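# Chains, contacts and geometry: an overview
Here is how the chains run, residue by residue.
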Amino acid sequence: MTEHAGTNGGDRPLRIAIVGAGPAGIYAADALMKSDVEASIDLYERMPAPFGLIRYGVAPDHPRIKGIITALHKVLDKPQVRLLGNIDYGTDIDLDDLRRFYDAVIFSTGANADRVLGVPGIDLDGSYGAADFVSWYDGHPDVPREWPLDAEKVAVLGVGNVALDVARVLAKTGDELLPTEIPPNVYEGLKQNKALEVHVFGRRGPAQAKFTPLELRELDHSPNIEVIVDPEDIDYDEGSEAARRNSKQVDMVCNTLEQWAIRDVGDRQHKLFLHFFESPAEVLGADGKVAGLRTERTTLDGTGNVKGTGNHKDWDVQAIYRAVGYLSQNIPALPFDEQAGTVPNEAGRVLLNDSADTPAERFLPQTYVTGWIKRGPVGLIGHTKGDANETIACLLDDASAFTPAAEPDPEAVVKFLEDKGIPFTTWAGWYRLDAHERSLGEPEGRERVKVVEREDMLRASEPNKV
């Protein structure tokens, strides 16, 4: 077996491919570089630009979260790391191809689809997945350029941070969001938004909401949004009280909601209602379109969970956004758990047969996962660091037994892509696109204006093309 410098003193670095250049993939590259093993890392990204959900899944009025990009930049600036963007795994390159050029492959493809909500009427016209709406307002090149915003009363199903983002963007005015990086088509769409009431529904109570305290409080910072909580929705059982005692964040969320429930309702033009103990039972329709939402009132059962009461209420809304979780998509050539939306794995090693006795039969060789494709779309961005460290530790433990790549020269995969005629972007190209977007924002005093069209992103990424 050919030796690697990274494993036992051979003549070259360990060659690693990471599929997905969002935070999870970049944290994996960082963990590799912080190890004692010499590694040469290529990050593959389906989009022409890196950063994944930081660029295409975080609301534009969250510059604090987008500041994480600064830390990710430092990783991608390292000479051991190379970005290969605009490459679609499964179409432009497959697992067999990657095995030719790399000693190991890590998948960090994240989750960008909407989890299904199985209630009658959920497929009516005017019922949307939150992930699709987020992709639209974040300028994702693969979604339509226009979004229907003609509903005056809107429901958002879910009580996580994505639900808050969706509700906040729907409740704000276009002009309020203009100073952010939203592209022109999104601004024009939001200017036409007719929403005056946004109703956010949670099946359980305040102590079970998945908001972070900072995200929740930000709702109240807008001069155009009146946040309203019904005092009857402030209720706790023994399980809820225990959750408050055990988590400072849960307690802070509950305190904020309690303060909002007892205050007088003001006169801000857009109303944002936070409803608890309302479980979506049916989306009501007329002429094939959303005409309302029916919920069942729930009550706490003592453990922090809820049970239905049999009492239903119909809400007058004309659009519904389900924000009940993201879902990862199947990765070609890898096993996939459709129910969990993850690749089966043990500590990041891709699992083929959990009843097999030997590692060769148990695991897909030299193949790993990290981030949401590994553990599901839960937790905050920073939680993927722990995932990455665990996965990289397993990879390094296995490295001495790797079958070496047949063509490990870093230029071999570049020639492969060029011979196939695949227009790929690079880290230097990101710097050019970044500068171009900043130049678009400068005349208006904005930090940047995001480029939407894929072809425009590719053109801006090339030398001397802008």
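These numbers come from a predicted model, not from an experiment. (Residues numbered from 1 in each chain as written. Predicted model: local features only at pLDDT ≥ 70, side-chain atom pairs only at ≥ 80, totals over all residues. Heavy atoms only, no water.)

### Concerning the nonpolar core
In terms of nonpolar packing, the biggest core is built from 53 residues, with Phe133, Val156, Leu274 and Tyr321 touching the most fellow members. For this core, the element with the highest residue contribution is helix H8 (residues 161–171), accounting for seven residues. When residues of this core are assigned to domains, at least three map to each of domain 1 (14–112 + 328–422) and domain 2 (114–326). Not counting chain neighbours up to four residues away, the residues in contact with tyrosine 321 comprise Tyr128, Phe133, Trp147, Pro148, Leu149, Val154, Ala155, Val156, Leu157, Val166 and Leu170. Within the second largest apolar cluster, 41 residues are counted, among which are Ile18, Val37, Ile106 and Cys394. (Core = buried A, V, L, I, M, F, W, Y, C linked by side-chain atoms within 4.5 Å. Buried < 20%, exposed > 50% of the residue type's maximum accessible area, 1.4 Å probe, protein only. Helix = DSSP H or I, 4+ residues; strand = E, 2+ residues; numbered from the N terminus. Domains from an automatic or database assignment. Contact = heavy atoms within 4.5 Å.)

### Observations regarding the layout of surface pockets
Volume-wise, the second largest pocket comes out at about 470 Å³. Together, 26 residues line the second largest pocket, and Pro63, Lys66, Glu181, Glu447 and Arg448 are the ones closest to its centre. Contributing elements (two or more residues each) for the lining of the second largest pocket: helix H3 (53–56), helix H4 (63–66), helix H5 (68–76), helix H9 (174–177) and helix H18 (427–441). Counted by class, the lining of the second largest pocket contains eight nonpolar, five polar and 13 charged residues. (1 Å grid on protein atoms, 1.4 Å probe; cavity = no way out; pocket = protein on both sides within 12 Å on 5 of 7 lines; lining within 4 Å. Points joined across faces, edges and corners; volume = space filled by probe spheres on them. Nonpolar A, V, L, I, M, F, W, Y, C, P; charged D, E, K, R; others polar.)

### Digging into the pattern of salt bridges
Under the definition given, this model contains 36 salt bridges. Residue arginine 15 is joined to aspartate 42 by a salt bridge in which the shortest nitrogen-to-oxygen separation is 3.2 Å. Placement of arginine 15 in strand E1 (residues 14–19) and of aspartate 42 in strand E2 (residues 39–45) is noted, with a sequence separation of 27 residues between them. Given a relative accessible area of 2%, arginine 15 falls into the buried group. Among the salt bridges present, the one from glutamate 453 reaches arginine 145, with a minimum N-O distance of 2.8 Å. (Salt bridge = Lys/Arg side-chain N within 4 Å of Asp/Glu carboxyl O.)

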